[in-house]
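# Summary of structural features
These are the residues of each chain, in order.
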Amino acid sequence: MSQDTKEKEEIINEEVVNEEVNNAAPEAAEEAPEAAAAEQTPEEKIAALEAQIEELKKQQLYKVAEFDNYRKRVMAEKADLIKNGGTKIITTLLPVVDDLERAQQNMDKFEDVTAIKEGVNLIIDKMFKLLAQEGLKKMEVVGESFNADLHDAIATVPAASEELKGKVLDCTKAGYTLNDKVIRFAQVVVAQ
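These lines cover the structure that appears in this document, whether it is placed above or below.

About the cut-offs
Residues numbered from 1 in each chain as written. Predicted model: local features only at pLDDT ≥ 70, side-chain atom pairs only at ≥ 80, totals over all residues. Heavy atoms only, no water. Helix = DSSP H or I, 4+ residues; strand = E, 2+ residues; numbered from the N terminus. Contact = heavy atoms within 4.5 Å. Areas by Shrake-Rupley, 256 points an atom, 1.4 Å probe, with all protein chains shown as cover. Salt bridge = Lys/Arg side-chain N within 4 Å of Asp/Glu carboxyl O. Buried < 20%, exposed > 50% of the residue type's maximum accessible area, 1.4 Å probe, protein only. Polar contact = N/O pair within 3.5 Å; in protein donor to acceptor, adjacent residues only side chain to side chain. Expected span 1.5 Å × (residues − 1). Bend = angle between axes of the 7 residues up to and from the residue. Core = buried A, V, L, I, M, F, W, Y, C linked by side-chain atoms within 4.5 Å. Axes fitted to C-alpha atoms, helices over the stretch in contact; angles between N-to-C directions. Parallel < 35°, antiparallel > 145°, perpendicular 65-115°, else oblique. Nonpolar A, V, L, I, M, F, W, Y, C, P; charged D, E, K, R; others polar. Pairing = 2+ DSSP bridges.

When you go through the protein chain residue by residue, the secondary structure sums to 4 helices and 6 strands. Each helix (α) and strand (β) of the protein chain, taken in turn from the N terminus, gives the series α-α-α-α-β-β-β-β-β-β. Counting only contacts in the protein chain whose residues sit at least 6 apart along the sequence, the fraction spanning at least 24 positions is 63%. With the model as given, the accessible surface of the protein chain reaches about 15700 Å², and the carbon-plus-sulfur share is 56%.

This brings us to the pattern of salt bridges. One pass over the structure, following the stated rule, counts 7 salt bridges. A salt bridge links Lys72 to Asp68; the nearest nitrogen and oxygen atoms lie 3.4 Å apart. Residue Lys72 and its partner Asp68 are both found in helix H2 (residues 42-84); the two are separated by 4 residues, about one turn of the helix. Across the salt bridge formed by Lys88 and Glu134, the nearest N and O atoms sit 3.7 Å from each other. In this pair, Lys88 is assigned in helix H3 (residues 87-106) and Glu134 in the loop between helix H4 (113-133) and strand E1 (136-138), connecting sequence segments 46 residues apart.

Note that Gln133 resides in helix H4. The class of Gln133 is exposed, set by a relative accessible area of 62%. In sequence terms Gln133 and Thr92 are 41 residues apart; their C-alpha atoms lie 9.6 Å from each other.

This next bit is on the side chain of Asp99. As for its placement among the helices and strands, Asp99 is situated in helix H3. Discounting chain neighbours no more than four positions away, the residues touching Asp99 are Ile123 and Lys126.

The subject of this paragraph is the side chain of Thr92. Residue placement: Thr92 occurs in helix H3. Here Thr92 falls in the buried class, since its relative accessible area comes to 16%. Of the polar contacts made by the side chain of Thr92, one reaches the backbone oxygen of Lys88; its length is 2.8 Å. Contacts of Thr92, omitting those with residues within four sequence positions, involve Leu130 and Glu134.

All right, on to H3 then. Spacing of three or four residues puts side chains on the same side of an α-helix, whose turn is 3.6 residues. Between its first and last C-alpha, H3 extends 29 Å over 20 residues, near the 28 Å set by a 1.5 Å rise per residue. The largest bend in H3 amounts to roughly 35° and is located at Leu93, with the proline Pro95 lying one to four residues further along. For H3, the set of buried residues is Thr92, Val96 and Asp99. Against the buried residues of H3 lie H4.

In this structure, Met139, Val141, Val168, Ala186, Val188 and Val190 together form the largest nonpolar core, which totals 6 residues. Considering every element that reaches this core, the biggest residue donor is strand E6 (residues 186-191), with 3 residues. The contact partners of Met139, leaving out residues within four places of it in the chain, are Leu150, Gly175, Tyr176, Thr177, Val182, Arg184 and Ala186.

Here H3 crosses H4 at 180°, and the two axes come no closer than 10 Å. Taken together, H3 and H4 sit at an angle that is classed as roughly antiparallel. Of the residues in H4, those in contact with Ile89, Thr92, Leu93, Pro95, Val96, Asp99, Leu100 and Ala103 of H3 are Ile123, Lys126, Met127, Leu130 and Leu131. Class assignment for the residues of the contact of H3 with H4 results in 10 nonpolar, 1 polar and 2 charged.

Further remarks concern the pairing of E6. If a strand is regular, its side chains alternate between the two faces of the sheet. When you tally the buried positions in E6, you get 5 out of 6 residues, the bulk of the element. The pairing of strand E2 (residues 151-157) with E6 spans 6 bridges and is classified as parallel. Residue pairing for E6: Val157 is matched across the bridge by Ala191. Bridge analysis of strand E3 (residues 168-173) against E6 gives 4 bridges, and the strand direction is antiparallel. In the sheet register, Val168 faces E6, and the bridge partner there is Val190.

Geometric values such as these leave the question of function open.
Okay, structure coming up:
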């Protein structure tokens, strides 16, 4: 064999040995903690596990307390919303209350009933406009077909003609929807 060939073989052998050592190193590193654990006495292992259990218990206790505080905070916020939920609508209606009080104070001064009627009608219109801005709508039910989801039939009367059967003839108490949800059913008289 030539000198060059021998050198190449030695280099290849060194690379193979280095590769085997590198591949064996992770296995040795994995065995090191096991060896360290094997070197611990049973009492040390028990003490380490008990410390770990105490730490986990402490973490669990913190999590339970944190969740309990969260639950209490959410309940307090919900109670506050229920208690003060009507603030917006009441604030909206306060100008109407002011107008009614002014009308009441001035009723004795006016002898013209027409002016008083006109003033009260303006106040009522103002109130319904404010409520409409909040999403309130009055149901128009006379002449429509009876719908149990919207109407509350308080009486039935014989129908004058066949086409009036099942139709609403009269409304005794207006029904309202708030943002397309029925908040008060219309009390109606239905033709049979």
